[in-house]
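# Fold and geometry: a report
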Amino acid sequence: MAMILCSRAGAQLLRWQGEDGMTGLLEIMFDKGVQLEELGSLRVGRGEVLIQQNAISKAIYFVLAGRFRIERDGQTVGHIEAGSVVGEIGFFTGGVRTASVVAFRDSLVLRLTRAQYESYCARLPGLREAIIAELASRLAERYLDHDSLTRDRTRPRTLALIAAGDGALPADFPSRLGRALKSLCAATTVTFDSFHAATGGAAPDSLEAVDWFSRNERESDLTLYLPDQDNAAWQRAIIRQSDQVLILGHAGAPPALSPIETFALAQIPVEQRRLLLIHRKRRERVAGSAEWLRGRPVAMHHHLALEDDQDICRLARFLTGTAVGLVLSGGGAYGLAHIGVQRGLAQAGIDFDIYGGTSIGSAMAAAFAMGIEGAELVARIDDIFLKGRALRRVTVPRYALLDHRRLDAKLHAHFSDLDIADMWKPFYAVATDLDTNRLAILRAGPLWQAIRASSALPGILPPFIRSGNSVLVDGGILDNLPYRTMHALKAGPNVVVSLARKEMPTFDYAYDKIPGRLGLLLRSLHPRTRRYWAAPSATETIMRSMTVGRTHETDDLAPGDWLLRPPLPTEMGLLNWKEALSLVAPAETYTAAHTEALSRSDADLYRRLRVAR
């Protein structure tokens, strides 16, 4: 049975063109007299190891069906598709395996052992030389594909939809999701009945099924497998075939894990799972999402209202790599320019599926995600920083220059105890983790705390201490424009707003006039000399120091990233919230002009940015 299937699949593969050298090598072998039936066949189940790193190279493999991932030192560094040759470099050079190859789906391969190869070369003249020549022509090819590290999170090719607990899917949900996917790409929906009819009644875990899955998936951009809750074998099979699993549950108290969910969580890594929480109607805020996520850890979750297709279409954009993101940089009081930018984008019909930011950019992104914008947002900024004087309360500098309690109270008042997981649209903030020296991506927990951590200007405000004693400070230290985080979360176009100033303000400073402690105290008390400073203040120095070295912060922008740099005055201080109110209108005018220009210069990007409206 296995050899018959391999013969049929191999014949099909010989008609493929340009598939990583498999066609060339097999054609050489067959032309020289090797029979396909002589090669050993092997079925490799999802998660099984085909090649172990550092092992001796004893065989070469030809992938007829399925998909594999390449792991080096436990990290995924690439993928191998059907039609590829696996392990040929080590096999022909005699070296050890430099990486492990693990089945990413149920797969089928042909195996050529070293003993077989030597036997063929001994009895078939010219085979060895022909194979060496073919390998030399493709020596520069590598399986390493940096884009594949995020592709299965951001642009999956196969999806399995299952129900949470013992619940059932809403009757019309699969068809609504299928239509949304088909409006964006060449998507196919597969049920057990359609599989059964196409394969003539093959069992879902048979070799025929492995072959059929592989061939079927190559005919579409995206395949959505639908469950049959009375057929556990089918549900296990579609999970093993999927790049991502979608777990759908009804909002409320989460049910206990079902056996098929337990299987899915064991088979599919966290970064390739999504949780879909269904609501009858759309609401400004929900509750209880964190409890779902504790029992079902996923890469991303989505709130979906069934009253219309708006949220289902948003989900479809995430699944097809077309979701639109907004990334906002830090910049102190200059962050009010983000309000003007958002106004200009909204007037052009540009809305967003996901929001993220650093420091003041995180606060603005959170507000926009919650539907707070324009005059209402300006009023809230006024309440926090002008009327509330949240960053004006000097304290004994044991932990920081400023007292943080007023800012904490104001952030809590405006964002309450809302958990990021309960936000209707996805959001993230970034902070710098001083314990790990890495960027912390904040996507769960109280929203106000995430904003506070992302905005913890070192030395100016105390660090935010997260549960577990993580010490977090301003995300701008490591990434003031966190579009790379957005790239890791989803594919598709983004609007990226930078508040980096081209020129810093200059003043008539004089180092030799910086007073000592007594002189500084007297000057601060004397009304005529109070406003004269011989050097920048401690706060200004710290904030300006954080902007040093950001000349390359936009080097990794993707082709779909649209960078905006609204006009900023060079003479305004980074904590001058009163004057910052004047930044909104110029930023709106700038954005409107640049959006109009984009519609003419890059109509395709302009169109893709407007799909979420």
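Residues numbered from 1 in each chain as written. Predicted model: local features only at pLDDT ≥ 70, side-chain atom pairs only at ≥ 80, totals over all residues. Heavy atoms only, no water.

- An unreviewed UniProt entry lists the chain under the name Alpha/beta hydrolase, from Pseudooceanicola lipolyticus.
- Listed under Subcellular location (unreviewed entry) in UniProt, the entry text for the chain is "Membrane".
- Looking at the chain in UniProt, the text filed under Sequence similarities (unreviewed entry) is "Belongs to the NTE family." (UniProt positions renumbered as here; feature names shortened; annotations may be inferred.)

### Some points on the overall build of the chain
- Looking only at helices and strands, one finds 24 helices and 22 strands in the chain.
- A buried classification covers 53% of the 613 residues belonging to the chain.
- Relative to all contacts within the chain whose residues are 6 or more apart in sequence, the contacts with residues 24 or more apart total 78%.
- Approximately 27200 Å² of the chain is accessible, and the part contributed by carbon and sulfur atoms is 53%. (Helix = DSSP H or I, 4+ residues; strand = E, 2+ residues; numbered from the N terminus. Buried < 20%, exposed > 50% of the residue type's maximum accessible area, 1.4 Å probe, protein only. Contact = heavy atoms within 4.5 Å. Areas by Shrake-Rupley, 256 points an atom, 1.4 Å probe, with all protein chains shown as cover.)

### Observations concerning the environment of glutamate 271
- Checked against the element boundaries, glutamate 271 lands in the loop between helix H11 (259–267) and strand E13 (273–279).
- Classification of glutamate 271 as partly exposed rests on a relative accessible area of 36%.
- With 27 residues separating them in the primary sequence, glutamate 271 and valine 298 have C-alpha atoms 6.4 Å apart.

### Focus on the confidence of the model for the chain
- With 88% of its residues at a pLDDT of at least 70, the chain reaches an overall mean of 87.
- For residues 1–20, every residue scores under 50 in pLDDT, and the model assigns this stretch 47 contacts once sequence neighbours within four places are set aside.
- Segment residues 140–146 is flagged for pLDDT under 50; beyond a separation of four residues in sequence, or across chains, it makes 15 contacts in the model. (pLDDT = per-residue confidence, 0-100.)

### Topic: the packing of helix H15 (residues 360–369) against helix H18 (residues 447–454)
- Where H15 contacts H18, the axes come no closer than 7 Å and their chain directions differ by 155°. Regarding the angle of H15 to H18, the classification is roughly antiparallel. Contacts between H15 and H18 involve Ser362, Ala363 and Ala366 on the former and, on the latter, Leu447, Ile451 and Ser454.
- In terms of residue class, the contact of H15 with H18 is made up of 4 nonpolar, 2 polar and no charged. (Axes fitted to C-alpha atoms, helices over the stretch in contact; angles between N-to-C directions. Parallel < 35°, antiparallel > 145°, perpendicular 65-115°, else oblique. Nonpolar A, V, L, I, M, F, W, Y, C, P; charged D, E, K, R; others polar.)

### Observations concerning the pattern of salt bridges
- Within the structure shown, the criterion is met by 31 salt bridges.
- One salt bridge in this structure joins arginine 343 and glutamate 588, with 3.6 Å as the shortest N-O distance. Taken together, the residues span a long stretch of sequence, with arginine 343 in helix H14 (residues 337–347) and glutamate 588 in helix H23 (residues 584–601) at a distance of 245 residues.
- Overall, arginine 343 belongs to the partly exposed group, its relative accessible area being 28%.
- With relative accessibility at 17%, the residue glutamate 588 sits in the buried group.
- Across the salt bridge formed by arginine 405 and aspartate 403, the nearest N and O atoms sit 2.8 Å from each other. (Salt bridge = Lys/Arg side-chain N within 4 Å of Asp/Glu carboxyl O.)

### Things to note about the packing of aromatic side chains
- Scanning the model with the defined rule gives 13 aromatic pairs in all.
- With a centroid separation of 6.3 Å and an interplanar angle of 40°, the aromatic rings of phenylalanine 192 and phenylalanine 195 are classed as tilted. Within this pair, phenylalanine 192 and its partner phenylalanine 195 are both found in helix H8 (residues 192–199), separated by 3 residues, close to a single helical turn.
- With a relative accessible area of 16%, phenylalanine 192 lands in the buried category.
- An aromatic cluster is present here, built from Phe192, Phe195, Trp212, Phe213, Tyr225 and Trp234 joined pairwise through their rings.
- Note that arginine 46 overlies the ring of phenylalanine 104, its terminal NZ or CZ placed 5.0 Å from the centroid.
- Seen from the ring of tyrosine 399, arginine 398 lies directly overhead, with NZ or CZ sitting 4.9 Å from the centre. (Phe/Tyr/Trp six-rings, centres within 6.5 Å; stacked < 30°, edge-to-face > 60°. Lys NZ or Arg CZ within 6 Å of the ring centre and 35° of its normal.)

### Re the sheet that holds strand E7 (residues 100–103)
- One open sheet holds the 4 strands; their spatial order is E2-E7-E4-E5, and the pairing between them is antiparallel. Strands with a single pairing partner mark the edges of an open sheet, and in this sheet they are strand E2 (49–51) and strand E5 (75–81). Neighbour to neighbour, the strand axes of the sheet diverge by 35° on average, direction disregarded.
- Pairing of strand E4 (residues 67–72) with E5 involves 6 bridges; the strand directions are antiparallel. Its bridge partner being in E5, phenylalanine 68 is matched across the sheet by isoleucine 80. (Pairing = 2+ DSSP bridges.)

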